[in-house]
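# Understanding the architecture of this molecule
Residue strings, one per chain:
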Amino acid sequence: ANKIESEEVSYIASKRFKGADGKPIPWKFHPITAKENRDIIQSCTKKFIGATGKQETTTDMVKYQLALITACVTYPDLNDAGLQDAYHVIGAEALIETMLLPGELTDLFKAISQANGFENDMAEKIKEAKN
């Protein structure tokens, strides 16, 4: 009964994409569940035998960032074949890398991370708890 629905977030991922009014078009994304995040992490993690002969794991953080972004972004539709064709790429992750500049991609990842509860400022949490 107390379930809180996660809200969709509007975010200007790039000032280069403008609407008919000349204003930047906001992208939209939503947070995902902890289980969805765990599944993404697992898909980006490889197991291997290390130098000592023990099994080790490594997570490809670039792959994780792209997977998290594509899991969260709802607009534009990164899985739209027409949009991918327009950028001459196949796949949502290739599309996002082609559409955005490196700094824009990093900033979008930070915004999505914050929406998912990562990188929240501890001072802000303390302030909220006091109120």
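Residues numbered from 1 in each chain as written. Predicted model: local features only at pLDDT ≥ 70, side-chain atom pairs only at ≥ 80, totals over all residues. Heavy atoms only, no water.

So, about the overall build of the protein. Scanning the protein from N- to C-terminus turns up six helices and five strands. Counting from the amino terminus, helix and strand elements in the protein follow one another as β-β-α-β-β-α-β-α-α-α-α. The burial tally for the protein puts 27% of its 131 residues in the buried class. Of the roughly 9,100 Å² that the protein leaves accessible, carbon and sulfur atoms contribute 54%. (Helix = DSSP H or I, 4+ residues; strand = E, 2+ residues; numbered from the N terminus. Buried < 20%, exposed > 50% of the residue type's maximum accessible area, 1.4 Å probe, protein only. Areas by Shrake-Rupley, 256 points an atom, 1.4 Å probe, with all protein chains shown as cover.)

With antiparallel pairing, three strands are arranged side by side in an open sheet as β1-β2-β5. Two strands close off the open sheet at either side, each with one partner strand: β1 (9-11) and β5 (73-75). This sheet shows a mean twist of 35° between the axes of neighbouring strands, independent of strand direction. Sheet topology places β1 next to strand β2 (residues 27-29); three bridges connect them, and they run antiparallel. When the bridges of β2 are listed, Y11 appears paired with W27. In the packing of helix α2 (residues 61-72) onto the sheet, the strands contacted are β2 and β5, and the crossing angle to β5 comes to about 45°. (Pairing = 2+ DSSP bridges. Axes fitted to C-alpha atoms, helices over the stretch in contact; angles between N-to-C directions. Contact = heavy atoms within 4.5 Å.)

All right, on to the pattern of salt bridges then. The tally for this structure, following the rule as stated, stands at two salt bridges. For R16, the salt bridge identified is with E104, shortest N-O distance 2.8 Å. One end of the pair, R16, is in the loop between β1 and β2; the other, E104, is in helix α5 (residues 102-115), and 88 residues separate them in sequence. On the accessibility criterion, E104 (12% relative accessible area) is buried. When the shortest N-O distance is used, the salt bridge between D39 and K35 registers 2.9 Å. Placement of the pair is D39 and K35 together in helix α1 (residues 34-43), with a separation of four residues, close to one helical turn. (Salt bridge = Lys/Arg side-chain N within 4 Å of Asp/Glu carboxyl O.)

The next subject is unusual backbone geometry. Here the bond from Y75 into P76 is cis, since omega is 0°, no more than 30 degrees from zero. Structurally, P76 is set in the loop between β5 and α3 (81-86). Its identity as a non-glycine residue notwithstanding, H88 has a phi of 60°, on the positive side. Looking at the element boundaries, H88 is found in the loop between α3 and α4 (92-99).

Quick look at the packing of aromatic side chains now. In total, this model carries two aromatic pairs according to the counting rule given. Relative to F29, the ring of Y11 lies with its centre 6.2 Å away and its plane at 65°, an arrangement referred to as edge-to-face. Taken together, the positions of Y11 in strand β1 and F29 in strand β2 put the pair 18 residues apart, joining distant regions of the chain. Assessed through its relative accessible area of 1%, F29 is described here as buried. Consider the rings of F17 and W27, whose centres lie 6.2 Å apart with planes at 45°: the pair is tilted. Of this pair, F17 sits in the loop between β1 and β2 while W27 sits in strand β2, placing them 10 residues apart in sequence. Classification of W27 by relative accessible area gives buried; the value is 3%. (Phe/Tyr/Trp six-rings, centres within 6.5 Å; stacked < 30°, edge-to-face > 60°.)

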